[in-house]
Amino acid sequence: PMGTQRYIKGQTLGEGTYGVVYKAVDSLTNRTVAVKKIRIGKYKEGVHVTALREIKLLRELKDPNIIEMIDVYPHKRNLHLVFEFMESDLEAVIRDRNIVLSAADIKSYMQMTLKGLAYCHKKWVLHRDLKPNNLLIASDGQLKLGDFGLARIFGSPDRQFTHQVFARWYRAPELLFGSKQYGAGVDIWAAACIFAELMLRRPFLQGSSDIDQLGKIFAALGTPKESQWPDMTCLPDYVEFQYCPAPSLRSLFPMATDDALDLISRMLAFDPKSRITAQQALEHRYFHSEPAPTRPELLSRPP
Ligand code: ADP
């Protein structure tokens, strides 16, 4: 069986950036899956073909920390993407007040996130829209990055639903200034914001517009000096911000270890050229000093 015949549709799981997601059973394997219906009806024929071709490339991404895309098929005016079904996501973990996140648990989540990023970046695929609710958690505790590469194919509309975390809060300053030649650094910035959120148990930089987001970034980290980010003033949407001195990172994360602070500061480097890479971050002493990361199967999950 193919496409719509192969998957037996179940309950709706929710509405995301690209359309409705529903639960289904793969009649071929008896596995529970999540089917993401992407509306592309409004595009021309060519877009359909291009999108299908690009999505087929994403199916080649196979890693323990990347959500597996099992199948893809067009149906009516939609594209259906079939993923392995995931029990939970990091947003639910962060929000659940009954879950205590120890330093070792945070290290485990960050290590799995960075491993997934390192794998995709090595293959030249960016996420671009990383946020806690697309860090999905499997029944064995493994964290897997979802929606990899979709932002580039389908765009990342700012239209958001009330239950959703705003992607803007995780957006790197070069994107907010309109950079079109951004790279893997945008995912590292988002991962740093998630790192901060795991420590704070609330979103780190909650801007209400793109300009306000930049204001929040500069209030937290200081306005970048010319020497810190020489290319900033050349970006398409660059505007000058009032000078803000940098408070110490220690004052923002009083409970963090020195190793954690050093790593997050390198992930939050203003100049994307100076930002640490996922591979370098995994080699940082934070991941090799005590406490060791919690084994994924021992991490607490929401009910
Ligand atoms: P967003 O665009 O905000 O990232 P998604 O389209 O990824 O949202 O997801 C919409 C809803 O479907 C969410 O409630 C999410 O938890 C659920 N969902 C998405 N992917 C999966 C999956 N692989 N397994 C289980 N639930 C999923």
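Residues numbered from 1 in each chain as written. Predicted model: local features only at pLDDT ≥ 70, side-chain atom pairs only at ≥ 80, totals over all residues. Heavy atoms only, no water.

A. Region of interest: the pairing of strand β1 (residues 7–15). As paired elements, β1 and strand β2 (residues 20–26) share six bridges and run antiparallel to each other. Paired with T12 across the two strands is Y22, which belongs to β2. Between the antiparallel neighbours β1 and β2 lie four residues, among them G19 with a positive phi of about 150°. (Pairing = 2+ DSSP bridges. Helix = DSSP H or I, 4+ residues; strand = E, 2+ residues; numbered from the N terminus.)

B. Quick peek at the nonpolar core. Counting 87 residues, the largest nonpolar core has L90, Y109, L114, F154 and M267 as its most contacted members. Sort the elements by how many residues they give to this core and helix α7 (residues 185–200) lands first, with eleven residues. Setting aside residues up to four positions removed in sequence, Y109 forms contacts with L90, V93, L101, I137, L143, L198, L299 and S300. In terms of nonpolar packing, the next biggest core, distinct from the first, is built from eight residues, Y22, A24, I70 and Y73 among them. (Core = buried A, V, L, I, M, F, W, Y, C linked by side-chain atoms within 4.5 Å. Buried < 20%, exposed > 50% of the residue type's maximum accessible area, 1.4 Å probe, protein only. Contact = heavy atoms within 4.5 Å.)

C. Structural view of the packing of α7 against helix α10 (residues 258–267). Across the interface, α7 lies against α10 with an axial gap of 8 Å and an inter-helix angle of 145°. Here the hand of the crossing between α7 and α10 comes out left-handed. Within the contact between the two elements, α7 uses I188, W189, A191, A192, F195, A196 and M199 and α10 uses A260, L263, I264 and M267. Broken down by class, the residue content of the contact of α7 with α10 amounts to eleven nonpolar, no polar and no charged. (Axes fitted to C-alpha atoms, helices over the stretch in contact; angles between N-to-C directions. Left-handed = near helix turned anticlockwise from the far one by under 90°. Nonpolar A, V, L, I, M, F, W, Y, C, P; charged D, E, K, R; others polar.)

D. Broad picture of the packing of aromatic side chains. Under the defined criterion, the tally for this structure stands at twelve aromatic pairs. Relative to Y73, the ring of Y7 lies with its centre 5.9 Å away and its plane at 0°, an arrangement referred to as stacked. Here the residue Y7 occupies a position in strand β1, and Y73 occupies one in strand β4 (residues 69–75), the gap between them amounting to 66 residues. For the pair shown, Y7 and Y73 are each scored as buried. Residues Y286 and F287 carry aromatic rings whose centres are separated by 4.8 Å and whose planes lie at 70° to one another, so their mutual orientation is edge-to-face. F287 matches Y286 in its accessibility class, with the two residues each being buried. Members of the aromatic cluster, each reached through a chain of ring pairs, are F177, W189, F218, W229, Y238, F241 and F270. (Phe/Tyr/Trp six-rings, centres within 6.5 Å; stacked < 30°, edge-to-face > 60°.)

E. Spotlight on helix α4 (residues 103–122). Look at α4: 28 Å from first C-alpha to last across 20 residues, which is about the 28 Å you get at 1.5 Å a residue. Within α4, 16 of the 20 residues are buried, which leaves the element mostly enclosed by the surrounding structure. Of the residues flanking the end of α4, it is W124, one or two places downstream, whose phi is positive at about 65°. (Expected span 1.5 Å × (residues − 1).)

F. Expanded view of the pattern of salt bridges. Inspection of the entire model under this criterion finds 15 salt bridges. One salt bridge in this structure joins R168 and D210, with 3.2 Å as the shortest N-O distance. Pair noted here: R168 is in the loop between α5 (150–154) and α6 (173–176) and D210 is in helix α8 (residues 210–221), with a separation of 42 residues, a long-range link. Using a relative accessible area of 14% as the deciding quantity, one classes R168 as buried. Overall, D210 belongs to the partly exposed group, its relative accessible area being 31%. For D258, the salt bridge is made with R250, and the minimal N-O distance between the two is 2.9 Å. D258 gets classed as exposed once you look at its relative accessible area, which sits at 59%. (Salt bridge = Lys/Arg side-chain N within 4 Å of Asp/Glu carboxyl O.)

G. Fine view of the sheet that holds strand β6 (residues 88–89). One open sheet holds the three strands; their spatial order is β6-β7-β8, and the pairing between them is antiparallel. With partners counted over all chains shown, the strands left at the sheet margins are β6 and β8 (143–145), one partner each.

H. Broad picture of the side chain of K144. For K144, the position within the fold is in strand β8. Within the structure, K144 has its side chain in polar contact with the backbone oxygen of P64 (distance 3.3 Å). Discounting residues that sit within four places of it in the chain, K144 has contacts with P64, N65, I66, I67, E84, M86, N134, L135, L136 and A138. (Polar contact = N/O pair within 3.5 Å; in protein donor to acceptor, adjacent residues only side chain to side chain.)

I. Broad picture of empty space enclosed by the protein. The tally for this structure, following the rule as stated, stands at three cavities of 30 Å³ or more. When its volume is computed, the largest cavity comes out at roughly 70 Å³. The space that makes up the second largest cavity amounts to roughly 50 Å³. Around the second largest cavity sit R128, D129, L130, A167, Y170, R171, A172, L175, V186 and A190, which together line it. A class-by-class count of the residues in the lining of the second largest cavity yields seven nonpolar, no polar and three charged. (1 Å grid on protein atoms, 1.4 Å probe; cavity = no way out; pocket = protein on both sides within 12 Å on 5 of 7 lines; lining within 4 Å. Points joined across faces, edges and corners; volume = space filled by probe spheres on them.)

J. Main features of the layout of surface pockets. Of the volumes computed, that of the largest pocket is approximately 840 Å³. Lining the largest pocket are 31 residues, with L13, V21, D89, N133 and L136 sitting closest to its centre. When residues of the lining of the largest pocket are assigned to their parent elements, the largest contribution, four residues, is made by β1. Counted by class, the lining of the largest pocket contains ten nonpolar, eleven polar and ten charged residues.

Worth remembering: the numbers are spatial, not functional.
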